[in-house]
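Residue-level listing of the chains:
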Amino acid sequence: MMLSKALARIAPSRTTAMTDRAIELRAAGRDIISLSVGEPDFATPPHVIAAAHAALDAGDTKYTAVPGTAALRAAAALHFKRDLGIDVPPSQVIVSAGGKQAIFHALLATLDPGDEVLIPSPWWVSYPEIVRFAGADVVDLPTTARGGFRITAAQLEAAITPKTRWLLLNSPGNPTGATYPAEELRALGEVLARHPRVLIMSDDIYAPLRYTPGAHATLAVEFPELAERVLTVSGVSKSHAMTGFRIGVAAGPAWLIGAMGRLQSHSSGNAASISQAAAVAAFEGPQDFLKDWCERFRARRDMVVAAINAIPGLSCPVPDGAFYCMVDAAPLMARFGDDEALCLHLLEHGVAVVAASAFGGADGFRISFAADEAKLEEAVRRIAGALT
Ligand SMILES: Cc1ncc(COP(=O)(O)O)c(C=O)c1O
């Protein structure tokens, strides 16, 4: 075996596996509607595309500073203040090749074998794999639909041990859409304040995509006493439909941002120069398109949730943010065995979704409603047909 022990600890992304299978079936001539993707179906805004062209034309094609251009770090600081309420100087912001890389570097830079990382489940697929790659142990904090897919302060307190190194929070969450209100974050903050060894990642990458009124709440703002231990992750992938540009940003204490930069200097170096220029335009340019996108996502969400809840055996709470719903299919498990078998059955009927078990959940599946309205309507019709 020529592979490292570290690699042997991680599995390939199962969301990608499902997308690949859908592609295979399509290549064989089958009509498959994919509701398994994690990216908006909207086009990248034209002012962002124009900025990328302008950067190319201006010869902006060389190495930049490893943690990002001065322009993008300043624009990201503006974003953290305007959109998340976080006051941070550009020096405490790092630009990476996607939010994923910022998370990867933060965890690799701080975890040792034997450390424990608390991850509320259902979780974003990459969190546990990155933790295991770093040699640390995943501690599952299970959540339920009834509990809004959010952990409680008591649950957090009970899970913390002397080995706990990180808590990974994701609000709005992938795959559940769960969104933490300010008072619940403050209650979690009270617990965390008593445990000074614990670092907290607040993955707010979906914050601009919320469907309930009121400002976004985030731990760095709700509990500023934790500032030396909170890393807030954000980006343009989801909010500006820029997944292919590979730009993510993170804000946190100088010691951690510096450590992430040290690692990044030997992995990828700077994020792509053209993409950085485009991201400046994304953060500094007009944001009004987001209102329309959120309206459309909200309407799709309402349609999908109502249609799913009308299918016997399926139920689904209303997600507050992001573009996913987590569907419970527990009553159908006697018929299908497990949720992967159910998802394969749905794929045979022309709809690709991802089993809840891929996210550390069970007996259900995630629907991404980042697809156009006609496709979504046809998809829920096919799901209903497949199950009756
Ligand atoms: C919760 C969450 N965090 C981070 C990311 C990473 O986004 P990217 O690396 O594309 O910026 C994703 C993407 O799917 C996500 O769902």
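Just above, that's the structure.
Since the structure is predicted, the reported quantities are computational estimates derived from the model, not experimental observations.

1. A word on the sheet that holds strand S11 (residues 354-355)
At step 1: A sheet is described by the order of its strands in space; here 3 strands give the open sequence S9-S12-S11, paired in antiparallel fashion. Looking at the sheet topology across the chains shown, the edges are occupied by strand S9 (324-328) and S11.
At step 2: Pairing geometry for S9 and strand S12 (residues 364-368), over 5 bridges, is antiparallel. Within the sheet, the bridge partner assigned to Val327 lies in S12 and is Phe365.

2. Some details on the site of the ligand
At step 1: If you check the shell around the ligand, you find 14 residues, and the closest are Gly99, Asp203, Tyr206, Ser237 and Lys238.
At step 2: Between a nitrogen atom of the ligand and a side-chain N or O atom of Asp203, the distance comes to 2.6 Å.
At step 3: In this structure, Ser237 approaches the ligand through a side-chain N or O atom, which is 2.6 Å from an oxygen atom.
At step 4: Counting residues per element, the shell around the ligand draws most heavily on helix H5 (residues 99-108), at 3 residues.
At step 5: Of the residues assigned to the shell around the ligand, the class counts are 5 nonpolar, 5 polar and 4 charged.

3. Re the packing of aromatic side chains
At step 1: By the definition in use, this model includes 10 aromatic pairs.
At step 2: Relative to Tyr127, the ring of Trp124 lies with its centre 5.2 Å away and its plane at 85°, an arrangement referred to as edge-to-face. For the pair shown, Trp124 and Tyr127 are each scored as buried.
At step 3: Relative to Phe369, the ring of Phe297 lies with its centre 6.2 Å away and its plane at 70°, an arrangement referred to as edge-to-face. Linking Phe297 in helix H12 (residues 289-309) with Phe369 in the loop between S12 and helix H15 (373-387), this pair joins segments that are 72 residues apart in sequence. Phe369 carries the same exposure label as Phe297, and that label is buried.
At step 4: Among the aromatic residues, those joined into a cluster by ring pairs are Phe42, Tyr206, Phe289, Trp293, Phe297, Phe323, Tyr324 and Phe369.

4. Considerations on the sheet that holds strand S3 (residues 116-121)
At step 1: Here 7 strands make up an open sheet; going across it, the order is S2-S8-S7-S6-S5-S3-S4 and the pairing mixed. The sheet is open, and its two edges are formed by strand S2 (93-96) and strand S4 (137-142), each paired on a single side. Going across the sheet, the axis of each strand differs from the next one's by a mean of 20°, ignoring polarity.
At step 2: Here strand S6 (residues 199-203) pairs with strand S7 (residues 230-235) via 4 bridges, running parallel. Residue pairing across strands places Asp203 opposite Val233, the latter belonging to S7.
At step 3: Of the strands in this sheet, S2, strand S5 (164-170), S6, S7 and strand S8 (248-251) touch helix H10 (residues 254-264), which is tilted by about 25° from S2.

5. What about the packing of H5 against H10?
Helix-helix packing is characterised by the crossing angle of the two axes and by the distance between the axes.
At step 1: Two elements in contact, H5 and H10, have axes whose closest approach is 9 Å; the angle formed by their N-to-C orientations is 105°. As far as their axial angle goes, H10 and H5 are roughly perpendicular. The residues of H10 that touch H5, namely those facing Gln101, Ala102, His105, Ala106 and Leu108, are Met260, Leu263 and Gln264.
At step 2: Here the contact of H5 with H10 is composed, by residue class, of 5 nonpolar, 3 polar and no charged.

6. Side note on unusual backbone geometry
At step 1: That bond from Ser121 to Pro122 is cis: its omega, -5°, falls within 30 degrees of zero.
At step 2: Residue placement: Pro122 occurs in the loop between S3 and helix H6 (126-133).
At step 3: In the segment running from Ser171 into Pro172, the intervening peptide bond is cis, with an omega of -10°.
At step 4: For Pro172, the location among the structural elements is in the loop between S5 and helix H8 (182-193).
At step 5: We note that Asp363 has phi near 55°; this positive angle belongs to a residue other than glycine.
At step 6: Asp363 gets classed as partly exposed once you look at its relative accessible area, which sits at 32%.

7. Some thoughts on the pattern of salt bridges
At step 1: The final tally for this structure, using the stated rule, is 16 salt bridges.
At step 2: For the salt bridge of Arg197 with Asp115, the shortest nitrogen-to-oxygen distance reads 3.0 Å. Highlighted residues: Arg197 in the loop between H8 and S6 and Asp115 in the loop between H5 and S3, separated in sequence by 82 residues.
At step 3: With a relative accessible area of 34%, Arg197 lands in the partly exposed category.
At step 4: Overall, Asp115 belongs to the buried group, its relative accessible area being 6%.
At step 5: Between Arg381 and Glu378 there is a salt bridge, and its shortest N-O distance comes to 3.2 Å. With Arg381 and Glu378 both in helix H15, this residue pair falls 3 residues apart, about one helical turn.
At step 6: Its relative accessible area of 26% is what places Glu378 among the partly exposed residues.
At step 7: Here the salt bridges do not stand alone but share partners, grouping Asp31, Glu378, Arg381 and Arg382 into one network.

8. Overview of the nonpolar core
At step 1: Judged by nonpolar contacts, the single largest core of 45 residues is most densely connected at Leu35, Ile308, Leu314, Phe365, Ile367, Ile383 and Leu387.
At step 2: Secondary-structure elements contributing two or more residues to this core are H12, S9, helix H13 (333-336), helix H14 (339-348), S12 and H15.
At step 3: When residues of this core are assigned to their parent elements, the largest contribution, 8 residues, is made by H12.
At step 4: Not counting residues up to four positions away in its chain, the partners in contact with Phe365 are Leu314, Cys325, Met326, Val327, Ala329, Leu342, Cys343, Leu346, Val353, Val354, Ala355 and Ala356.
At step 5: Within the second largest apolar cluster, 33 residues are counted, among which are Leu107, Tyr127, Val131 and Met201.

9. As for the state of the cysteines
At step 1: Taken as a whole and judged by the stated rule, the model has 0 disulfides.
At step 2: In this model Cys325 remains outside any disulfide bridge; the closest cysteine sulfur is found in Cys316, 4.2 Å from its own.
At step 3: Looking at Cys325, the relative accessible area reads 0%, which means it is buried.
At step 4: For the unlinked cysteine Cys343, the closest cysteine sulfur is that of Cys325, found at 13 Å.

Definitions and cut-offs
- Residues numbered from 1 in each chain as written.
- Predicted model: local features only at pLDDT ≥ 70, side-chain atom pairs only at ≥ 80, totals over all residues.
- Heavy atoms only, no water.
- Pairing = 2+ DSSP bridges.
- Helix = DSSP H or I, 4+ residues; strand = E, 2+ residues; numbered from the N terminus.
- Near = heavy atom within 4 Å.
- Polar contact = N/O pair within 3.5 Å; in protein donor to acceptor, adjacent residues only side chain to side chain.
- Nonpolar A, V, L, I, M, F, W, Y, C, P; charged D, E, K, R; others polar.
- Phe/Tyr/Trp six-rings, centres within 6.5 Å; stacked < 30°, edge-to-face > 60°.
- Buried < 20%, exposed > 50% of the residue type's maximum accessible area, 1.4 Å probe, protein only.
- Axes fitted to C-alpha atoms, helices over the stretch in contact; angles between N-to-C directions.
- Contact = heavy atoms within 4.5 Å.
- Parallel < 35°, antiparallel > 145°, perpendicular 65-115°, else oblique.
- Salt bridge = Lys/Arg side-chain N within 4 Å of Asp/Glu carboxyl O.
- Core = buried A, V, L, I, M, F, W, Y, C linked by side-chain atoms within 4.5 Å.
- Disulfide = S-S within 2.5 Å.

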